[in-house]
Amino acid sequence: KNVHASRSGVDDIVLSGGYNMFPNDESQITLYGLAGFPTKKAVTQAELYNTLVGTRFYSLGVGTELSYSFINSQLCTLTGIFQARFLHFFPRNWFPILPRDGKIQPGNATDLLFTAQYRYDGTTFEAGYNPTFFTDQAVRLKAGTVKGPRFIRNNVYVTLSHGWKDFPGLHMPLALGTGLSIGRSKRFDMKQISWWVNFTTLF
């Protein structure tokens, strides 16, 4: 039997702020902090096995980005990028899915991102690898705490885009792009494939 379901709504509100440093012409270091606020906090019994819109949790995090340009000219660039981000999600009551005294401890998520970006004239190609580590997850009940196992979600992606300073017919800057992402988690025997297209312009 096939079951189809859909969800719509507003995702979490995320505020972030940071500081950029430029040790030399080829390098950039960014340090930042962020805070997440759920737009919806209530849960229902019907959401026991369903996907949620938004996390339903408050969160705090810190991150950094390091980039280095191996080639840096007007015609082409080759840049290596490393990003690291740590997020902590605060426990909360999970009634009616759990008893009234039960809490979900969503734990922590640590993201790493290794990216290579190559640009030639107006065309940019990017490829990256993104492992995410989930730790310290648990269900806290009056009878005791049930801890969840640590697990990793792996993701690889590629993107290709091209930009025009004066797109024919529109007479404005325009960038068109496409990308493919493949994610895998052995913990839940999950495989996710995403494909997208995007465009950007300035008015």
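Before any of the text, the structure's been laid out above.
Summary of the structure given here. This structure is a prediction, so every number in the text was calculated from the model and none was measured.

## Overview of unusual backbone geometry
Phase 1: A cis amide bond, omega 15 degrees, links phenylalanine 95 with the succeeding residue proline 96.
Phase 2: Looking at where proline 96 falls in the secondary structure, it is placed in the loop between strand E5 (92-93) and strand E6 (103-105).
Phase 3: Within the chain, aspartate 121 stands out as a residue other than glycine whose phi angle is a positive 55 degrees.
Phase 4: Positive phi, normally seen in glycine, also occurs at aspartate 136, with a value near 60 degrees.

## What to know about the nonpolar core
Phase 1: Core analysis: the largest hydrophobic core is formed by 12 residues, namely Leu34, Val43, Phe57, Leu87, Phe89, Trp94, Ile97, Leu98, Ile104, Ala109, Phe134 and Phe151.
Phase 2: Here phenylalanine 151 is in contact with Thr132, Phe133, Phe134, Gln137, Ser185, Arg187 and Phe188, once residues within four sequence places are set aside.

## So, the environment of serine 69
Phase 1: On the secondary structure map, serine 69 appears in strand E3 (residues 59-72).
Phase 2: On the accessibility criterion, serine 69 (16% relative accessible area) is buried.
Phase 3: Counting along the chain gives 52 residues from serine 69 to glycine 17, while the straight-line C-alpha distance between them is 24 Å.
Phase 4: Once you skip the residues sitting within four places of it in the chain, serine 69 turns out to touch Glu26, Leu78 and Thr79.

## Overview of the side chain of asparagine 155
Phase 1: As for its placement among the helices and strands, asparagine 155 is situated in strand E11 (residues 151-164).
Phase 2: A residue is classified by how much of its surface remains accessible, and asparagine 155, at 17% relative accessible area, is buried.
Phase 3: Polar side-chain contacts of asparagine 155 include one of 2.9 Å to the side chain of serine 181.
Phase 4: With sequence-adjacent residues up to four places away left out, asparagine 155 is seen in contact with Gly128, Tyr129, Asn130, Ser181, Ile182 and Gly183.

## Regarding the packing of aromatic side chains
Phase 1: For the structure shown, the criterion picks out 6 aromatic pairs.
Phase 2: With centroids separated by 5.2 Å and ring planes inclined at 5 degrees, the aromatic side chains of phenylalanine 57 and tryptophan 94 adopt a geometry described as stacked. Of this pair, phenylalanine 57 sits in the loop between strand E2 (27-37) and E3 while tryptophan 94 sits in the loop between E5 and E6, placing them 37 residues apart in sequence. Accessibility classification places phenylalanine 57 together with tryptophan 94 in one group, the buried group.
Phase 3: Geometrically, the ring pair formed by phenylalanine 82 and phenylalanine 114 is tilted, given 5.3 Å between the ring centres and 45 degrees between the ring planes. Note that phenylalanine 82 is positioned in strand E4 (residues 76-89) and phenylalanine 114 in strand E7 (residues 107-120), a separation of 32 residues in sequence.
Phase 4: Grouping aromatic residues by their ring pairs yields a cluster made of Phe82, Phe114 and Tyr129.

Parameters and conventions
- Residues numbered from 1 in each chain as written.
- Predicted model: local features only at pLDDT ≥ 70, side-chain atom pairs only at ≥ 80, totals over all residues.
- Heavy atoms only, no water.
- Helix = DSSP H or I, 4+ residues; strand = E, 2+ residues; numbered from the N terminus.
- Core = buried A, V, L, I, M, F, W, Y, C linked by side-chain atoms within 4.5 Å.
- Buried < 20%, exposed > 50% of the residue type's maximum accessible area, 1.4 Å probe, protein only.
- Contact = heavy atoms within 4.5 Å.
- Polar contact = N/O pair within 3.5 Å; in protein donor to acceptor, adjacent residues only side chain to side chain.
- Phe/Tyr/Trp six-rings, centres within 6.5 Å; stacked < 30°, edge-to-face > 60°.

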